[in-house]
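What follows is each chain in one-letter form.
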Amino acid sequence: MRQLELADCYGHAGLSPDAANIPLRLEPFKTIAANLTRPQIMDAVRAYFGLPMHNDTGWLSDPISEADEAFSMVTNKNEIAILAMALIAHQIREEDDQFTALVFLVANAFGHRKAEVYPQFVEIIKAAANDLAISTRSSLDIKQIRAKTLNKDLGGSAEELVPQNDFPSFNRVLKEVNIDGHEMVKHLAQQMNTALSPMRSEVARLREETDMLWWLVGGESRLVEESYADMTPGRAAFLIGSELAKLSRTHLGPRAGTFLMNKALREGRTDKPSKIKIEAIPKLFTLEELSDVTPDSTISDVRDLCSVSNAISRASEVGSQTAWKKMYGNDGSLSETAAFSPSELANQSFREFLLLNALSS
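For clarity, every value in this text was computed on a predicted model and none was experimentally measured.

Next up on the list: the overall build of the protein chain. Assigned secondary structure in the protein chain consists of 15 helices and four strands. In the protein chain, once contacts between residues fewer than 6 apart in sequence are set aside, the share between residues at least 24 apart is 74%. Total accessible area on the protein chain stands at roughly 18700 Å², and carbon and sulfur atoms take up 52% of it.

Structural data, given as structure tokens:
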């Protein structure tokens, strides 16, 4: 990801460094960026897209107010979005944080949420997310195991180490041998752990790829035990995304995730599918199925961000495919009339369930 300093973010938002009092923001920004938690990251993403924050905003306002008494979360609302953009950029560039990129993509929802400042930033994060998905799966170097060398004081012959009938020297040598033996075992254990760690990661990656390929070859939903090819496109898209997310071991999933989902969606279909509105998604399932496909309780923390899975959750909660809209509307989710193509719906479902997995782990 290309570098975006705090001053750059203000510039992209059309504010000059002097007008924005950037010198009074630099130190507080460093303090905030160094101590970001996951709830704060999600609130930063909310602020960038103009959504209300869910948590106490003191983590953001207090350090800045201490340096600039004139700062206000109300009168400086536009600046909050700029600071949020800078924090997101810092977290992804400096920390290689997949979680931040994932929350951002979920909130953007394929352009259904518009940025408060510098819309081009969305494309920057999309590109950075692709890079992160690739870099975290690159092959790791297998390190060689190196044995610890013998203590130089123990390198002589038996006669040199212990003169004849010199029992104090003999006792000293035994103690040194014991200490050196313990050090060698400790060193060897550390070396083996260092060598095995990338191998364990590689095995986990290969197992994930195998599971995903078998899932793709099978072409059948494990939740409703029905072939994707026999489903309507919207029903298949939601299930394909949510079920692939369960097989992923990283926050962003594999770089080929979109290809796998599109491949599963195309199987057995020839007609060009139309877009699916959020309000139509719960109707794709029976009431019994809704309880099977609904996300777990983690959704309560991100109902505003995870609009697709929230629609399923609210419909299951009220036990109706149509009477859920009032509760849904109060959650701050996307408009129920927002529509996705099957490919977009699969990807949005995939990302939302990846986020829910990350929050529950």
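The discussion continues.
Right, let's talk about the nonpolar core for a bit. Y48, I88, F121, W215 and F238 are the most contacted members of the largest nonpolar core, which totals 99 residues. Broken down by element, the residue count for this core peaks at eleven residues, all from helix α5 (residues 77-95).

The subject of this paragraph is the packing of aromatic side chains. Tallied over the full model, the rule gives nine aromatic pairs. Judged by centre distance (6.0 Å) and plane angle (65°), the ring pair of W215 and Y228 falls under edge-to-face. Taken as a pair, W215 in helix α9 (residues 167-218) and Y228 in the loop between β2 (226-227) and α10 (233-247) lie far apart in primary sequence, 13 residues in all. The residues W215 and Y228 share a single accessibility class, namely buried. It is R38 that lies over the ring of F99; its NZ or CZ is 4.3 Å from the centre.

The subject of this paragraph is the packing of helix α2 (residues 26-34) against α5. Look at α2 against α5: their axes get within 10 Å of each other, and the N-to-C directions meet at 50°. Looking at the two axes, α2 sits oblique to α5. The crossing of α2 and α5 is right-handed. Taken together, the residues of α5 that come into contact with α2 (itself represented by F29, I32 and A33) are L83, A86, L87, H90 and Q91.

A word on the side chain of N310. Positionally, N310 belongs in helix α13 (residues 307-318). Reaching out from N310, the side chain makes a polar contact with the side chain of S333 at a distance of 2.9 Å.

Residues with a pLDDT of 70 or more make up 85% of the protein chain, whose mean pLDDT is 86. Here helix α8 (residues 158-161) is the element of the protein chain with the lowest mean pLDDT, 52, and strand β4 (residues 339-340) is the one with the highest, 98.

Evaluated as defined, the whole model comprises 16 salt bridges. Its salt-bridge partner being K30, residue E27 comes within 3.6 Å of it at the nearest N-O pair. Of the two residues, E27 and K30 both sit in helix α2, three residues apart, roughly one turn of that helix. The exposed category is assigned to E27, whose relative accessible area is 51%. The exposure class assigned to K30 is exposed, which follows from its relative accessible area of 52%. As a salt-bridge pair, E208 and R249 come within 3.9 Å of each other at their nearest N and O atoms. Placement of E208 in helix α9 and of R249 in the loop between α10 and α11 (257-266) is noted, with a sequence separation of 41 residues between them. Ionic contacts of the salt-bridge type, sharing partners, join the residues R303, R314, E317 and D331 into one network.

Within this model, the largest pocket holds a volume of roughly 320 Å³. Lining the largest pocket are 16 residues, with L105, N130, T258, N347 and R351 positioned closest to its centre. Secondary structure elements with two or more residues in the lining of the largest pocket: α6 (98-108), α7 (120-135), α11 and α15 (342-360). Here the lining of the largest pocket takes four residues from α7, the largest share from any one element. Here the lining of the largest pocket is composed, by residue class, of eight nonpolar, five polar and three charged.

This part covers α11. The complete set of buried residues in α11 reads G257, L260, M261, N262, A264 and L265. Phi turns positive, to about 75°, at G268, one or two residues after α11.

What counts, and where the lines are drawn
- Residues numbered from 1 in each chain as written.
- Predicted model: local features only at pLDDT ≥ 70, side-chain atom pairs only at ≥ 80, totals over all residues.
- Heavy atoms only, no water.
- Helix = DSSP H or I, 4+ residues; strand = E, 2+ residues; numbered from the N terminus.
- Contact = heavy atoms within 4.5 Å.
- Areas by Shrake-Rupley, 256 points an atom, 1.4 Å probe, with all protein chains shown as cover.
- Core = buried A, V, L, I, M, F, W, Y, C linked by side-chain atoms within 4.5 Å.
- Buried < 20%, exposed > 50% of the residue type's maximum accessible area, 1.4 Å probe, protein only.
- Phe/Tyr/Trp six-rings, centres within 6.5 Å; stacked < 30°, edge-to-face > 60°.
- Lys NZ or Arg CZ within 6 Å of the ring centre and 35° of its normal.
- Axes fitted to C-alpha atoms, helices over the stretch in contact; angles between N-to-C directions.
- Parallel < 35°, antiparallel > 145°, perpendicular 65-115°, else oblique.
- Left-handed = near helix turned anticlockwise from the far one by under 90°.
- Polar contact = N/O pair within 3.5 Å; in protein donor to acceptor, adjacent residues only side chain to side chain.
- pLDDT = per-residue confidence, 0-100.
- Salt bridge = Lys/Arg side-chain N within 4 Å of Asp/Glu carboxyl O.
- 1 Å grid on protein atoms, 1.4 Å probe; cavity = no way out; pocket = protein on both sides within 12 Å on 5 of 7 lines; lining within 4 Å.
- Points joined across faces, edges and corners; volume = space filled by probe spheres on them.
- Nonpolar A, V, L, I, M, F, W, Y, C, P; charged D, E, K, R; others polar.

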